[in-house]
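Examination of the molecular architecture
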Amino acid sequence: MNQAETIDGKAIAARITDALVGKCAAYKNAVGAPPCLAVVLVGDDPASAVYVRNKGKTAKKIGFQSIQETLPGDASERDVVDIVDKLNADKTVNGILVQLPLPQQVDEDKIIELVDPEKDVDGFHPINVGRLGAGALEKALIPCTPAGSVLLAKEALGDLTGRHAVIIGRSNIVGKPAAQLFLAENCTVTIAHSRTRDLPALARDADILVAAVGRPEMVKGDWVKPGACVIDVGINRVDAPEKGAGKTKLVGDVDFAAASKIAGFITPVPGGVGPMTIAMLMQNTLTAAMRQNGVTLD
């Protein structure tokens with residue numbers, strides 16, 4: 001039985017960020033200052049803190065200026081609004097990322113809509129969502145996880161024209177934008193979700209199967225079409241008694257061991273989509289800076 005080729009998201013992301021080093025230097029020569037990414041962190045969620053730290057480290061490695069605005073978990077919505085307003089008005093800040101989730105006293109939709117869409121490097125603002133939906137990718141800032149997922153599929157398969165992409169999950173952050181991006185690659189796209197009838201049969205029809213539901217190892221090996229490309233967006237922490245009492249491990253939304261015996265290509269967790277998300281955030285930051293300052297780079 002064949003074993004699927006593992007798609008090394010870490011290596012592909014490193015290739016993208018390495019290329020951004022030279023582009024950042026060229027941008028700095030043209031403008032006089034590097035692109036600036038501002039991250040807003042509210043509260044002390046451990047996972048959010050790790051993500052923010054990794055984003056900051058990558059930004060600095062590329063040569064970007066990275067700033068962080070940190071607020072306590074009991075900060076008011078007004079406090080968050082004031083920070084975003086300040087960053088919107090600061091012409092030296094090119095990209096703004098508000099780390100989600102926000103505490104329950106803060107309206108996430110309100111904050112997302114408050115971010116200047118030209119600085120919205122997460123790609124969550126309704127204007128960027130609309131541009132993506134209208135196919136105006138050259139004007140949009142595109143959500144990072146879906147953008148990275150499509151690049152991984154292209155890395156494995158090359159031209160995606162005519163492929164059937166099945167996306168399990170209909171979130172605004174991954175599922176819906178991923179569908180738009182695969183459509184832009186001339187795929188036939190199906191979005192599946194918790195109410196989909198006979199989900200395993202639908203999944204077995206996919207040339208590209210994207211799992212983005214947040215349920216550990218939900219997608220079983222017999223859901224996968226032989227030779228398919230499986231993109232696992234899920235990051236779930238589960239108990240790992242084999243490592244010792246109280247130990248945990250990260251797994252995706254796909255049963256990797258079973259699926260990798262049938263798929264042609266598969267992303268691991270960790271080391272697949274995760275590193276790509278940060279790489280695409282950095283790409284968005286440079287893109288936003290270039291647009292704001294009328295810079296074009298060869």
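A quick note: this is a predicted structure, and the numbers were derived from the prediction, not measured. (Residues numbered from 1 in each chain as written. Predicted model: local features only at pLDDT ≥ 70, side-chain atom pairs only at ≥ 80, totals over all residues. Heavy atoms only, no water.)

Topic: the sheet that holds strand S11 (residues 265-266)
Threshold: The criterion for strand pairing is that DSSP finds at least two bridges linking the strands in question. Each helix corresponds to a stretch of at least 4 residues labelled H or I by DSSP, and each strand to a stretch of at least 2 residues labelled E; elements are numbered beginning at the N terminus. What makes two residues a contact is simply this: any of their non-hydrogen atoms within 4.5 Å. Between the N-to-C directions of two axes lies an angle of 0 to 180 degrees, each axis being a line fitted to C-alpha atoms and, for a helix, fitted only over the stretch in contact.
As summarised here, the arrangement of the 6 strands in space is S1-S11-S8-S7-S5-S6, forming an open sheet in which the pairing is parallel. The open sheet terminates on both sides in strands that have one partner only, identified here as strand S1 (5-6) and strand S6 (188-192). Bridging between strand S8 (residues 229-232) and S11 involves 2 bridges; their strand directions are parallel. Looking at S11, one finds that Cys-229 is bridged to Phe-265. In the packing of helix H6 (residues 144-157) onto the sheet, contacts are made with strand S7 (208-211), S8 and S11, and the angle to S8 comes to roughly 155 degrees.

What about the sheet that holds strand S2 (residues 36-42)?
Taken in spatial order, the 3 strands of this open sheet run S3-S2-S4, and their pairing is parallel. In this open sheet, the two strands that pair with only one neighbour each are strand S3 (65-71) and strand S4 (95-98). Each adjacent strand pair in this sheet contributes to an overall mean axis angle of 15 degrees, direction not counted. Where S2 meets S4, 4 bridges bridge the pair, whose relative direction is parallel. Counterpart to Ala-38 in the pairing with S4 is Ile-96.

Some points on the pairing of S6
The two faces of the sheet receive side chains in turn, since in a regular strand these alternate between them. This is how it is decided: Call a crossover right-handed when, viewed with both strands pointing away from you, the route from the first strand across the helix to the second goes clockwise.
Relative to S6, strand S5 (residues 164-168) runs parallel, the two being bridged by 5 bridges. Note that in S6 the partner of His-164 across the bridge is Thr-188. The handedness of the S5 to S6 crossover, carried by helix H7 (residues 175-184), is right-handed.

Side note on the pattern of salt bridges
Working definition: two side chains of opposite charge can pair if their charged atoms are close together. The condition that has to hold: Salt bridge, as used here: a side-chain nitrogen of Lys or Arg that lies within 4 Å of a carboxyl oxygen of Asp or Glu. Buried, partly exposed and exposed residues are distinguished by accessible area as a fraction of the type maximum, computed with a 1.4 Å probe on protein chains only: under 20%, between the cut-offs, and over 50%, respectively.
A full pass over the atoms with the stated rule returns 9 salt bridges. In this structure, Glu-69 engages Lys-86 in a salt bridge whose closest nitrogen and oxygen atoms are separated by 2.7 Å. Taken together, the residues Glu-69 in strand S3 and Lys-86 in helix H3 (residues 77-89) connect sequence positions 17 residues apart. Residue classification places Lys-86 among the partly exposed positions, given a relative accessible area of 46%. A cluster of three or more residues bridged by salt bridges with shared partners is formed by Arg-78, Asp-82 and Asp-85.

Quick notes on the nonpolar core
Let me state the cut-off plainly: Nonpolar core, defined: a set of buried Ala, Val, Leu, Ile, Met, Phe, Trp, Tyr and Cys residues in which side-chain atoms within 4.5 Å join the residues together.
Residues Ile-7, Leu-160, Phe-182, Ile-208, Cys-229, Ile-231 and Met-282 are the most contacted members of the largest nonpolar core, which totals 55 residues. Element by element, the count of residues in this core is highest for helix H10 (residues 273-293), at 11 residues. Ignoring anything within four residues of it in the chain, the contact list for Cys-229 reads Ile-7, Ala-153, Ala-156, Leu-157, Asp-207, Ile-208, Leu-209 and Phe-265. Of all hydrophobic cores here, the second largest spans 19 residues; its members include Ile-168, Ala-206, Ala-228 and Ile-266.

Digging into the packing of H6 against H10
Geometrically, a packed helix pair is captured by the angle between its two axes and the distance between the axes. Under the convention used in this document: To sort the angles, those under 35 degrees are grouped as roughly parallel, those over 145 as roughly antiparallel, those from 65 to 115 as roughly perpendicular, and the leftovers as oblique. Should the near helix be turned anticlockwise from the far one by less than a right angle, the crossing is left-handed, and should it be turned clockwise, the crossing is right-handed. When residue character is reported, Ala, Val, Leu, Ile, Met, Phe, Trp, Tyr, Cys and Pro are called nonpolar, Asp, Glu, Lys and Arg charged, and the others, Gly included, polar.
Orientation of H6 relative to H10, taken along the N-to-C sense of each, is 115 degrees, at an axis distance of 8 Å. Taken together, H6 and H10 sit at an angle that is classed as roughly perpendicular. Crossing hand, H6 versus H10: right-handed. Of H10, the residues touching H6 (which contributes Cys-144, Thr-145, Ala-147, Gly-148, Ser-149, Leu-151 and Leu-152) are Val-273, Met-276, Thr-277, Met-280, Leu-281 and Asn-284. Tallied by class, the residues present in the contact of H6 with H10 amount to 8 nonpolar, 5 polar and no charged.

Comments concerning the side chain of Thr-285
Rule in force here: Each polar contact in these results corresponds to two N or O atoms within 3.5 Å; when the atoms are within protein, one needs to be able to donate a hydrogen and the other to accept it, and residues that are neighboring in sequence are counted only if both atoms are side-chain atoms.
Looking at where Thr-285 falls in the secondary structure, it is placed in helix H10. Overall, Thr-285 belongs to the buried group, its relative accessible area being 0%. In terms of polar contacts, Thr-285 uses its side chain to reach the backbone carbonyl oxygen of Leu-281, at 2.9 Å. Non-local contacts of Thr-285, meaning those with residues more than four positions away in its chain, are made with Pro-35, Cys-36, Leu-37, Phe-64 and Val-121.

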